[in-house]
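Here is how the chains run, residue by residue.
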Amino acid sequence: MTPKSTIPAFGVLALLMTGTAAFAADTLTVGFAQVGSESGWRAAETKVAKQKAQQDNVTLKISDAQQKQENEIKAVRSFVAQGVDGIFIAPVVATGWDSVLREAKDANIPVFLLDRQIETSDPSLYTAAVTSDTVLEGHMIGDYLAKITNNKCRIVELQGTVGSSPAINRKKGFGEAIAAHPDMQIVRSQSGDFTRSGGKQVMESFIKAENNGHDICAVFAHNDDMGIGAIQAIKEAGLKPGTDIKVVSIDGVPDMFKAMADGEANGTVELSPNMAGPAFKALIALKTDHTQPQKWIKTPSTLYTPATAQAEYDRRKPLY
Ligand code: AHR
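Residues numbered from 1 in each chain as written. Predicted model: local features only at pLDDT ≥ 70, side-chain atom pairs only at ≥ 80, totals over all residues. Heavy atoms only, no water.

Colleague: Provide a residue-level description of the domain arrangement of the protein, including the pertinent values.
Modeller: Segmentation of the protein into domains returns domain 1 (27-131 + 273-300) and domain 2 (134-271 + 304-319). Taking only C-alpha atoms, the centre of domain 1 and the centre of domain 2 are 29 Å apart. If you look at the interface, domain 1 gives 15 residues, while domain 2 gives 18 residues. Between domain 1 and domain 2 the total buried area reaches about 1200 Å² when both faces are included, carbon and sulfur atoms providing 52% of it. At the surface where domain 1 touches domain 2, the tally comes to 0 salt bridges. (Domains from an automatic or database assignment. Contact = heavy atoms within 4.5 Å. Buried area = accessible area lost by both parts, 1.4 Å probe. Salt bridge = Lys/Arg side-chain N within 4 Å of Asp/Glu carboxyl O.)

Structure representation (structure tokens):
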């Protein structure tokens, strides 16, 4: 499908081993409809995807949708027209994918969802999803916040992009965790669109509405960038983030480890930026010997606290 004139060594090997039509794994071309660059985590995911493509000898075409689903749909159509070997989509929002996915399926192009899930009446429209358990992430950070506040806390919540699966699921998981504690409530909740500036702006309005922040015990941000924005807002209001207002979030980017090491944040659940690696592996296996991947290739979720933050920061900084 990809226009290359020779069959490289691995392709010949595949032919000899399988005795079927040769598929040369090192000629794969993948189109990646990426959300944008709204967060440090997103930038890391794109960087890792490029590194993994190079390691796996895949030609990777990345399109930046600038947080708009219509741009992602256009990109997918263009990848279908180009006849790529696989399509990766990090879906901005969860709904509205069926018709473009049907076009990819009709063209026999496998589609992998990266880091976000979709809602569809026909799951056969995509091959597999490589994501974390985003409900679990919300649950883990909610349980942890309960522990560090003795199950008593007035919480403000900074939600991710409206309609995106991590925003829906992290809210759900966190809500389930704190529901076990009658003295923990979310008193305000609004979207900061997964951006640092959005998180700061919304946190400023929460602080104003909540007795200049004195009535807020903690902020739960659906990602680290909004958490960092909230930290700035808390400081500008003359309060101490991490102490006067606790800060918990999700992603595990270096800036959040730095904030924890400086005593300005209290916890994060790491989301692996390596979503593309497992997807390349699954796509190559599918193409070489028709191995059907698991429908949900789950990446791990790990809670980090200030106790190990400096070491984790030092370890991660060069990778980002
Ligand atoms: O889908 C993953 C989320 O998207 C990350 O938590 C966030 O940083 C990004 O924008």
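That was the structure; now back to the text.
Colleague: Quick rundown of the layout of surface pockets? Include the residues and the values.
Modeller: In this structure, the second largest pocket occupies an estimated 240 Å³ of space. Around the second largest pocket sit Ala-44, Val-48, Gln-51, Lys-52, Glu-270, Ser-272, Pro-273, Asn-274, Arg-315, Arg-316, Leu-319 and Tyr-320, which together line it. For the lining of the second largest pocket, the element with the most residues is helix H2 (residues 40-55), which contributes 4 residues. Considering only residue class, the lining of the second largest pocket consists of 5 nonpolar, 3 polar and 4 charged. (1 Å grid on protein atoms, 1.4 Å probe; cavity = no way out; pocket = protein on both sides within 12 Å on 5 of 7 lines; lining within 4 Å. Points joined across faces, edges and corners; volume = space filled by probe spheres on them. Helix = DSSP H or I, 4+ residues; strand = E, 2+ residues; numbered from the N terminus. Nonpolar A, V, L, I, M, F, W, Y, C, P; charged D, E, K, R; others polar.)

Colleague: Describe in detail the confidence of the model for the protein, supporting the description with residues and values.
Modeller: The pLDDT averaged across the protein works out to 93; a share of 92% of its residues lies at or above 70. Across residues 1-22 the pLDDT falls below 50, and counting only partners more than four positions away or on other chains, this stretch makes 26 contacts in the model. (pLDDT = per-residue confidence, 0-100.)

Colleague: Explain the packing of aromatic side chains residue by residue, including any values.
Modeller: Considering all chains together, one arrives at 5 aromatic pairs under this definition. Note on Phe-88 and Phe-280: the rings are 5.1 Å apart at their centroids and 40 degrees apart in plane angle, and the pair reads as tilted. Taken as a pair, Phe-88 in strand E3 (residues 86-89) and Phe-280 in helix H10 (residues 276-289) lie far apart in primary sequence, 192 residues in all. Phe-280 carries the same exposure label as Phe-88, and that label is buried. Lying over the aromatic face of Tyr-126, Lys-295 brings its terminal NZ or CZ to 4.2 Å of the ring centre. Sitting over the ring of Trp-296, Lys-298 keeps its end group 4.4 Å from the ring centre. (Phe/Tyr/Trp six-rings, centres within 6.5 Å; stacked < 30°, edge-to-face > 60°. Buried < 20%, exposed > 50% of the residue type's maximum accessible area, 1.4 Å probe, protein only. Lys NZ or Arg CZ within 6 Å of the ring centre and 35° of its normal.)

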